Amino acid sequence: MALLSLLAEDATLLLRWLHVVAAMVWVGSAFALARLDLGMRPRAKDAAPQSLLLHAGSGFRFSRAAEADAAERALNFKWEAYATWASGFALLCLIFGAAPQLTLIDPTLWDAPSWAAVTVAFALLPLAWLAYELLCRKSGLGGDRLLLALYGFSAALGLLLAALFAGRAALLLLGAILATLMTANIAHVIVPAQKRRLATLRAGLPADADDAKGAATRALYNQYLALPVVFFMLSGHAPLVFAGPHNGVAAALFLAAGFAIRRFFLQRARGFGANWGLAAAAAVAIALALWLCTPSEPSPEKAAAQSAGEAIASVLRPEGPAAQAIVERHCVACHAKTPLHPGFFHAAAGLDFSDAARMRRYRGEILRAAVYTRAMPPPGAASPIDADEQRVLLRWARAPD
Ligand code: HEC
């Protein structure tokens, strides 16, 4: 069992490595190509749209091809996209599939048996893709209206996930679903269109304008989705964002900010200059989201006012031992050098709270995870800490050393 768990941990590390590297190359190349493409302009000497790229010590000219040799190799970045998706999917299986109680389930939201939570989480990937395809193909919308509908669809998904699953999993799953849409855009629309275009290039025939436009639209959506996806994948490091009471709305606002930021840069690449209105909209969305994620503290005064006896006790009680008892009861099973919680072989997240000095060192982290938010203990794996306990922890954290 210990060996299995160790192997799973090693596999997770290697998959994360592959996942991040593949995603960097995929998104990096997509952003670079969008800049080269949108920046193409006619020159004085040559009316064909083109852009000049400096790379290493050389200059390269990028322009639209009119024909290709029969055996000429055509480059694209589809394997990077597929590797990103496949490694991400494997990570989801390892993380959610292996321990849904720890990662996915929040009984206060949806008290689901493990199999049901895992089934719904994974079923949402193809279901969301189907709904997205219907939106793109059947809604009759196009251009910016379809983009707006895509935003609404993504934001609604975020709200749904935040209502069903523990915060960390909700935002991660939102990222995974949006990344699935991006990969499906490549696999089902862009790559087939590229294959058709390569055949016409080899035959020296002109492009099918509708086919090219369809692929370009999906490539454009990928540009918009990329920033939110990366944000949601990183959100697990920010308990105030993923585990606050308004995490779904915050996700919708970060999504809007990601769309606005990308639009700002795409418009600039098109030569429209800087649209400060968009930049301001992104800043407002981020400020609003961060404000929503600002913790509202359990008020020590309100608790003390409940009874005079309690008020006196709260002044007299030495908070150190009381706080330590709470952390011992709710946290140390996983956050100790040799944790007792089954399946743990070292301190969870590398955090050991098993004595007073270590607890003090991590008091900021403890507040963020267990007092300001409900990130910890993992809602599906341990009993939650209650408001009185939160107040004790807050008083302990605020007491001078
Ligand atoms: C059932 C096991 C378990 C219990 C109980 C538990 N934790 Fe955790 N904790 C974890 C795991 C697993 C992680 C790593 C999560 C990740 O990175 O995906 C973690 C991560 C953390 C982090 C790092 C920030 C974060 O959210 O990733 C903090 C801080 C933390 N826990 C505090 C606490 C506190 C405080 C308690 C008690 C109130 C507690 N934990 C109880 C398993 C547990």
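About the criteria used
- Residues numbered from 1 in each chain as written.
- Predicted model: local features only at pLDDT ≥ 70, side-chain atom pairs only at ≥ 80, totals over all residues.
- Helix = DSSP H or I, 4+ residues; strand = E, 2+ residues; numbered from the N terminus.
- Buried ≥ 20, exposed ≤ 12 C-beta atoms within 10 Å, placed from the backbone.
- Contact = placed C-beta atoms within 7 Å.
- Pairing = 2+ DSSP bridges.
- Near = placed C-beta within 6 Å.
- Nonpolar A, V, L, I, M, F, W, Y, C, P; charged D, E, K, R; others polar.
- Domains from an automatic or database assignment.
- Expected span 1.5 Å × (residues − 1).
- Bend = angle between axes of the 7 residues up to and from the residue.
- Core = buried A, V, L, I, M, F, W, Y, C linked by C-beta atoms within 7 Å.
- Axes fitted to C-alpha atoms, helices over the stretch in contact; angles between N-to-C directions.
- Parallel < 35°, antiparallel > 145°, perpendicular 65-115°, else oblique.
- Left-handed = near helix turned anticlockwise from the far one by under 90°.

With respect to the overall build of the protein chain
And then number 1: Of the regular secondary structure elements, the protein chain holds 16 helices and two strands.
And then number 2: Its C-alpha atoms put the protein chain at 85 × 50 × 50 Å along the principal axes.
And then number 3: Residue burial in the protein chain is summarised as follows: out of 401 residues, 32% are buried.
And then number 4: Taking all contacts inside the protein chain whose residues are at least 6 apart in sequence as the whole, residues at least 24 apart take part in 67%.

Notes on the pairing of strand β2 (residues 58-63)
And then number 1: Within β2, only zero of the six residues are buried, which leaves the element largely exposed.
And then number 2: Bridge analysis of strand β1 (residues 50-55) against β2 gives six bridges, and the strand direction is antiparallel. When the bridges of β2 are listed, Leu-53 appears paired with Phe-60.
And then number 3: Hairpin remark: β1 followed by β2, antiparallel, with two residues in the connecting loop; positive phi at Ala-56, about 50°.

A short note on the site of the ligand
And then number 1: The immediate surroundings of the ligand are formed by 24 residues, with Cys-331, Cys-334, Ala-348, Met-376 and Pro-377 found nearest.
And then number 2: Elements with a minimum of two residues in the shell around the ligand: α13 (319-330) and α15 (363-371).
And then number 3: Across the shell around the ligand, the residue classes tally to 19 nonpolar, four polar and one charged.
And then number 4: Looking at which domains feed residues into the shell around the ligand, each of domain 1 (2-40 + 76-293) and domain 2 (301-398) gives three or more.

So, helix α4 (residues 114-138)
Given 3.6 residues per helical turn, the α-helix brings residues three or four places apart onto the same face.
And then number 1: Here α4 spans 35 Å end to end across 25 residues, near enough to the 36 Å set by a 1.5 Å rise per residue.
And then number 2: Taken as a whole, α4 carries its principal kink of about 35° at Leu-124; the proline Pro-126 stands between one and four residues after it.
And then number 3: The set of residues buried in α4 consists of Ala-117, Ala-121, Leu-124, Ala-128, Tyr-132 and Cys-136.
And then number 4: Those residues of α4 hidden inside the fold are in contact with α2 (78-97), α3 (100-103), α5 (143-164) and α6 (167-202).
And then number 5: After α4 finishes, the residue Gly-140 shows a positive phi value of roughly 80°.

Describing the nonpolar core
And then number 1: With 87 residues, the main nonpolar core has Phe-165, Ala-170, Leu-173, Leu-174, Ile-177 and Leu-393 as its most contacted residues.
And then number 2: A total of 17 residues in this core trace back to one element, the largest contributor, which is α6.
And then number 3: Shared between two domains, this core takes at least three residues from each, and those domains are domain 1 (2-40 + 76-293) and domain 2 (301-398).
And then number 4: Non-local contacts of Leu-173, meaning those with residues more than four positions away in its chain, are made with Ala-121, Leu-124, Leu-161 and Phe-165.

What about the domain arrangement of the protein chain?
And then number 1: By the assigned domains, the protein chain splits into domain 1 (2-40 + 76-293) and domain 2 (301-398).
And then number 2: The C-alpha-based centres of domain 1 and domain 2 are spaced at 35 Å.
And then number 3: Listed as interface residues are 19 residues of domain 1 and, on the opposing side, 12 residues of domain 2.
And then number 4: Contributing elements (two or more residues each) for the side of domain 1 that touches domain 2: α1 (2-38), α3, α6 and α8 (239-242).
And then number 5: For the side of domain 1 that touches domain 2, a count of residues per class yields 11 nonpolar, six polar and two charged.

Comments concerning the packing of α15 against helix α16 (residues 387-398)
And then number 1: At a minimum axis separation of 10 Å, α15 and α16 run at an interaxial angle of 160°. One element, α15, and the other, α16, form an angle in the roughly antiparallel class. Along this stretch, α15 crosses α16, giving a crossing that reads as left-handed. In contact with Arg-363, Ile-366, Leu-367, Ala-370 and Val-371 of α15, α16 contributes Gln-390, Leu-393, Leu-394 and Ala-397.

Digging into the packing of α6 against helix α7 (residues 209-234)
And then number 1: At a minimum axis distance of 9 Å, the contact between α6 and α7 shows a crossing angle of 155°. Compared by their axis directions, α6 and α7 come out roughly antiparallel. Helix-helix and strand crossings are classified by hand; for α6 and α7 the assignment is left-handed.
And then number 2: Across the contact of α6 with α7, the residue classes tally to 19 nonpolar, four polar and four charged.

Overview of α16
And then number 1: For α16, spanning 12 residues, the distance from its first C-alpha to its last is 16 Å, which sits close to the expected 16 Å at 1.5 Å a residue.
And then number 2: When we look at burial in α16, the residues that qualify are Glu-389, Gln-390, Arg-391, Val-392, Leu-393 and Trp-396.

A few points about unusual backbone geometry
Negative phi values dominate among residues other than glycine, just as trans dominates among peptide bonds.
And then number 1: In this structure, the amide linkage connecting Met-376 to the following residue, Pro-377, adopts the cis form with an omega of -10°.
And then number 2: By the secondary structure assignment, Pro-377 is in the loop between α15 and α16.
And then number 3: Of note, the phi angle at Ala-56 is positive, near 50°, even though the residue is not glycine.
And then number 4: Assignment of secondary structure puts Ala-56 in the loop between β1 and β2.
And then number 5: Unlike most non-glycine residues, Ala-349 shows phi in positive territory, near 55°.
And then number 6: Mapping Ala-349 onto the fold places it in the loop between α13 and α14 (356-361).
And then number 7: Using a count of 11 C-beta atoms within 10 Å as the deciding quantity, one classes Ala-349 as exposed.

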